[in-house]
Amino acid sequence: MSNADTLRRLALDSLSPSQRHAAVWDPERPLQILAGPGSGKTRVLTMRAAWLVLGDADRRPIKPENCVVVTFTNRAAREMRSRISAYIGPSMTDRLLLGTFHALCVKFLRRYGRLVGLANNFTICDSDDSIRIIKGVIEQQADMLKESGVTIKAEEARTEISRAKARLQTAEAFRKACPNAPGNMDRHTAMANVYKDYELYLRGSKACDFDDLLLYAERLFCLHPGVCSKIEHVLVDEFQDTNAIQYALMQRLSAASGRVSIVGDPDQSIYSWRNAEVSNLEKMVHDFSGIKRIYLEENFRSTGAILDASLKVVQQDRMRINKGLYTAQAEGAPVTFRTFDTELEETEYVALEIERQMQLARPMLRYADFCILLRFNALSRGFEAALRRRRIPYRMLGGQQFFDRVEIKDLVAYLRVLDNPAYAPGLLRILNVPKRGIGKATISAVSGLASAQRIPIYSVLEQISARTSELSVHGRALYGIDTFVSVMNKLRERVQQGLSVNELLTCVIEVTEYKTYLEREGDFASRWENVRELLTFAALCAGDDEREELYLPPKRTKLDPEEQEEEPTPLRTFLESSALATDRTDDDTNDKVTIATCHAAKGLEWPIVFVAAVEDGTFPFYRSTTPEMIAEERRLLYVAMTRAASNLYLCSTKRRMMAGEWRNQKVSMFVTPLIPCSRGGTGLSAPTKTDAVMWCFTSPLIQDFLHTTARILQRSVPSEEVLQQNRIEYKFSDTCTSLDKLDACRNAALQWRSEMGNVGLPSKSGFLSALNSLGSAALQHGSNLGMRSTHAAPADLQQSHGHRRSMSSTTQNASSAAPQAHPLARFTSNNTAPQRKRALGMH
DNA sequence: ATCCTTCCGATTTTT
DNA sequence: TCGGAAGGAT
Ligand SMILES: Nc1ncnc2c1ncn2[C@@H]1O[C@H](COP(=O)(O)OP(=O)(O)OP(=O)(O)O)[C@@H](O)[C@H]1O
């Protein structure tokens, strides 16, 4: 048992007593670990998995291939894999049934799918193709829809169908069920019809959408429990975000053993829009007898200040059951809250603050220590621009980016159709790509005939090409179809020859003259670059990079005498990973700032986190209407805030361009109660530590908290000499100058507005030119504008002078008596003793 | 069939 | 602001 001993020595000892208690809890009893953010849930779950497969003195180990570890996202799966691997080594980890719900289900379906009526070459239909199908269905039903006076948008239909599927609701059941929005029976019926035909179309295409993967697997496990009866333990991460189908899957997978361990946190439930049901936590108590609940209350991630602010946000939820959560970490730097005029300054500030932190703490911090969290992807634009301007490397997390590119989708569609000729959405996608003169009219005639005669679309095309079709196609279109059919035949031959995916792709590009096509289409360089990347990805897939693969052990018993023992072809493996993979370009090796949505950040952590656009309309999102939706938005902010370990910044703007128009933004309702009235919030004017958050409204000191940051990061604090040098260099840096400018303009604008009775602000262009025209001379002014306390640079510089400021000291004097002039004009004429100079002079 | 312009409408979150 | 849809010219 040396393995188990090793685990005990190296790993179990790194857990706190209550964590260890949970990790080695009796495997025969179902276990729920409920705990707040940063309490080490993932650490405990991974350790438990390791402990289960390594065994213990008085307990035999379970086989890794009989141990299921499911996560919600690919990223979580990867994280899980690497953590477990650290405990039990890669070869044992590879044997685990570890992956997302979807990946796990696909593996079973590839092997046993025929037991539930799935061809083994079924294609996974991504949302794009789903939309394509639904558009076709809606078009076909256009008359009916017009009659009932209902309009249905494809995207709406897709989400509604997806939600129905998450509830295990078939088209028929959906029709019978009450409409979600009561009173609109026509629409509900119409939707049910779309759902029904969508299903027919999928089946005809031998395709499964994402939800089908789970539904079919559930049916498989239900009808043929033998396929998963060997499973000895099921572990589920982020359980609060499971929906009905996922819960059902968990039940089926554990039907034989009854052994499950889950971790979750009701306060971090942020997927109810996807039909996640927190109530599954309670349901589980009923469904699994003898279940044990263990609570963990110590947060190991964040500083006291961060945890305090986060808890004060989430505790505003009156319906919430309060749970204990404390940290042994130091209080750390206060949470920074800043409001800017527009997105331009907000994003600029974040970029500059990243630079300031890095410069003052050099060489302790790296770009990868920073993360910018967004409510939705579209907000990334501004940040990307700002980071690029400052030449700060960054990466976007989540957002299907790579496989969403048109050129990638086109090529992958060719492969899909080669693997499964019946896959209609793919076929329709590529039929006229590159352009072959096959237009809308021809396409709808062909697919009309196909559905009327109940034959696959590609058969119709073949008939047309063989001139045996009743459909008359002429001229360019006919020639185009001929070309397409011969292209596909050529490629199919290649598939027979057993080419590698990489070679096959090269063939596709060659035979279709895709490169020429891209050259004509424009933006060639970057699109071709993407194609190259796809080729690389294909090559990687083919290599023995099996570690990311979920591997199902060889069957011992045949459940169906008919079934052939067929290993998935490389092509199929490739198509699977391209359909289920979300995050491609994860060069963890590179040092980059992360930009991510709050959802994508779930389960992750960074030393320094900026949350952007903490405004009403964003947090909560303006489409949240019900109290439940608002509560979820609050939890989302909570999740975002609790990603931070050492420093947390909340940013907001006063005006934001949304839907093409400027909107006046208010600070998020989740935060205003925590801000004193004197600062524009609705909180107490004289806040105390217990009832308010001690925000920093300026730029947080860095030096004072370096040791806390260092301790959290387990890095060493730079020496005093280095720090001194950093301060000097920072002072002369462009970062410092620019931060000063930003603050100067902000104050100027603030004051100007208060003087002008809040009538308006300098126009954007005026503002920008003001920014630019503010030369270094102008930077040395502004003491009577209340700039002193908002100055970023002097804050740290003053320390060495012995000056100390309260962190929450403010700029209350902004409206001191001043001439009625444009503030920027005064800026350039004013000539008061500058802070900056003073700071410079001190050495 | 394709290319071009014009107009409209609307912005979540993920597998 | 921008991307998609719809409509018109070639
Ligand atoms: N016993 C411990 N001692 C020291 N550090 C720990 C301990 N347990 C967990 N941590 C650290 O705390 C951080 C949070 O752990 P983990 O990600 O497992 O928490 P979590 O509960 O899954 O968080 P969340 O719910 O926010 O995703 C990690 O950096 C982890 O290494």
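Keep in mind that what you see is a predicted model, and the values were worked out from it rather than measured. (Residues numbered from 1 in each chain as written. Chains lettered and ligands numbered in written order. Predicted model: local features only at pLDDT ≥ 70, side-chain atom pairs only at ≥ 80, totals over all residues. Heavy atoms only, no water.)

Draft legend 1. Geometry of the overall build of chain A. The helix and strand tally for chain A stands at 36 helices and 18 strands. When the 843 residues of chain A are sorted by exposure, 56% land in the buried category. Within chain A, contacts between residues at least 6 apart in sequence are counted, and of these 79% link residues at least 24 apart. Summing over all exposed atoms, chain A offers an accessible surface of approximately 35700 Å²; the carbon and sulfur share of this is 52%. (Helix = DSSP H or I, 4+ residues; strand = E, 2+ residues; numbered from the N terminus. Buried < 20%, exposed > 50% of the residue type's maximum accessible area, 1.4 Å probe, protein only. Contact = heavy atoms within 4.5 Å. Areas by Shrake-Rupley, 256 points an atom, 1.4 Å probe, with all protein chains shown as cover.)

Draft legend 2. Looking closely at the domain arrangement of chain A. What the domain assignment reports for chain A is domain 1 (3-120 + 212-300), domain 2 (125-205), domain 3 (307-393 + 591-678 + 690-717) and domain 4 (402-552). A separation of 39 Å is found between the C-alpha centroids of domain 2 and domain 3. (Domains from an automatic or database assignment.)

Draft legend 3. Representation of the sheet that holds strand E15 (residues 606-611). As summarised here, the arrangement of the six strands in space is E11-E16-E15-E12-E14-E13, forming an open sheet in which the pairing is parallel. Unpaired on one side and paired on the other, strand E11 (336-340) and strand E13 (394-396) mark the two borders of the sheet. Going from strand to strand, the sheet's axes swing by 20° on average, the running direction of each strand aside. Relative to strand E14 (residues 593-597), strand E12 (residues 370-374) runs parallel, the two being bridged by four bridges. Bridging across to E14, Leu-374 finds its partner in Thr-597. Running at roughly 155° to strand E16 (residues 644-653), helix H16 (residues 343-361) makes contact with E11, E12, E14, E15 and E16 of the sheet. (Pairing = 2+ DSSP bridges. Axes fitted to C-alpha atoms, helices over the stretch in contact; angles between N-to-C directions.)

Draft legend 4. Summary view of the confidence of the model for chain A. The predicted model of chain A has a mean per-residue pLDDT of 82, with 82% of residues at 70 or higher. When pLDDT is averaged over each element of chain A, strand E6 (residues 233-236) comes out on top at 97 and helix H36 (residues 835-841) at the bottom at 29. Across residues 558-562, confidence stays below pLDDT 50; counting only partners more than four residues off in sequence or on other chains, it has nine contacts. Quick note on the complex model: pTM equals 0.84, ipTM equals 0.93. (pLDDT = per-residue confidence, 0-100.)

Draft legend 5. Quick peek at the protein's contact with DNA strand C. The environment of DNA strand C is formed by Lys-135, Arg-381 and Gly-660. Take Lys-135: an N or O atom from its side chain is 3.4 Å from a phosphate oxygen of DNA strand C. (Near = heavy atom within 4 Å. Polar contact = N/O pair within 3.5 Å; in protein donor to acceptor, adjacent residues only side chain to side chain.)

Draft legend 6. Geometry of the pairing of strand E2 (residues 67-71). Of all five residues making up E2, five are buried, and the element is well covered by its neighbours. Side-chain alternation along E2 places Cys-67, Val-69 and Thr-71 on one buried face and Val-68 and Val-70 on a second face that is also buried. Pairing of E2 with E6, which is carried by four bridges, proceeds in the parallel orientation. Bridge pairing links Val-68 to Val-234 in E6. Bridge analysis of E2 against strand E3 (residues 97-100) gives four bridges, and the strand direction is parallel.

Draft legend 7. Broad picture of the UniProt feature "binding site: ATP" (unreviewed entry) in chain A. Under the UniProt annotation, the feature "binding site: ATP" (unreviewed entry) is placed at Ala-35, Gly-36, Pro-37, Gly-38, Ser-39, Gly-40, Lys-41 and Thr-42. Here Ala-35 is to be found in strand E1 (residues 31-35). Sequence-distant contacts of Ala-35, defined by excluding residues within four places in its chain, comprise Lys-41, Gly-264, Asp-265 and Leu-296. On the secondary structure map, Gly-40 appears in the loop between E1 and helix H3 (41-54). (UniProt positions renumbered as here; feature names shortened; annotations may be inferred.)

Draft legend 8. Main features of the environment of Ile-712. Relative to the helices and strands, Ile-712 resides in helix H29 (residues 706-713). With relative accessibility at 18%, the residue Ile-712 sits in the buried group. C-alpha of Ile-712 to C-alpha of Gly-480: the two residues are 232 residues apart in sequence and 63 Å apart in space. Ignoring any residue separated from it by four or fewer positions in sequence, one finds Ile-712 in contact with Arg-301, Thr-303, Gln-329, Ala-645 and Ser-646.

Draft legend 9. Geometry of the site of the ligand. Taken together, 19 residues surround the ligand, and among them Gln-19, Lys-41, Thr-42, Glu-605 and Arg-643 come closest. Contact between the ligand and Thr-42: an oxygen atom at 2.6 Å from a side-chain N or O atom of the residue. At 2.8 Å from an oxygen atom of the ligand is found a side-chain nitrogen or oxygen belonging to Arg-301. Within the complex, 85% of the 630 Å² of free accessible area of the ligand lies under protein. Among the elements that line the shell around the ligand, the one with the most residues is H3, at three residues. When grouped by side-chain class, the residues that make up the shell around the ligand number three nonpolar, 10 polar and six charged. Looking at the shell around the ligand, you find at least three residues from each of domain 1 (3-120 + 212-300) and domain 3 (307-393 + 591-678 + 690-717). (Nonpolar A, V, L, I, M, F, W, Y, C, P; charged D, E, K, R; others polar.)

Draft legend 10. Representation of the side chain of Thr-42 in the model. Inspection of the secondary structure assignment puts Thr-42 in helix H3. Residue class for Thr-42 comes out buried when judged on its relative accessible area of 17%.

Draft legend 11. The sheet that holds strand E8 (residues 292-296), seen in detail. With respect to topology, six strands assemble into an open sheet ordered E3-E2-E6-E7-E1-E8, the strand pairing being parallel. Strand pairing shows two members of the sheet lacking a second neighbour, E3 and E8, which therefore form its edges. Put simply, the sheet's adjacent strands are angled 15° from each other on average, direction ignored. Note: E1 against E8, five bridges, orientation parallel. Note that in E8 the partner of Leu-31 across the bridge is Lys-292. With respect to the sheet, H3 is in contact with E1, E2, E6, strand E7 (260-264) and E8, its orientation differing from that of E6 by roughly 165°. Against the sheet, helix H14 (residues 280-287) contacts E1, E7 and E8, and its axis sits at roughly 155° relative to E1.

Draft legend 12. Looking closely at helix H27 (residues 570-580). Counted residue by residue, H27 has 10 buried out of 11 residues, so it is predominantly covered. Those residues of H27 that sit buried are Leu-571, Arg-572, Thr-573, Phe-574, Leu-575, Glu-576, Ser-577, Ser-578, Ala-579 and Leu-580.

Draft legend 13. Inspection of the nonpolar core at higher detail. Formed by 51 residues in total, the largest nonpolar core has its most connected members in Leu-415, Leu-461, Met-488, Leu-534 and Phe-574. Counting 44 residues, the second-largest nonpolar core is a separate cluster that includes Cys-208, Tyr-216, Phe-221 and Met-284. (Core = buried A, V, L, I, M, F, W, Y, C linked by side-chain atoms within 4.5 Å.)

Draft legend 14. Main features of the pattern of salt bridges. Going through the model one piece at a time under the given rule, you end up with 50 salt bridges. Between Glu-232 and Arg-60 there is a salt bridge whose closest N-O contact spans 2.6 Å. Taken together, the residues Glu-232 in the loop between helix H12 (210-223) and E6 and Arg-60 in the loop between H3 and E2 connect sequence positions 172 residues apart. On the basis of relative accessibility, which here comes to 14%, the residue Glu-232 falls in the buried class. (Salt bridge = Lys/Arg side-chain N within 4 Å of Asp/Glu carboxyl O.)

Draft legend 15. Broad picture of helix H13 (residues 244-253). Most of H13 sits out of view: eight of its 10 residues are buried. Inspection of H13 places Ala-244, Ile-245, Gln-246, Tyr-247, Ala-248, Leu-249, Met-250 and Leu-253 among the buried residues, and these make up the whole buried set.

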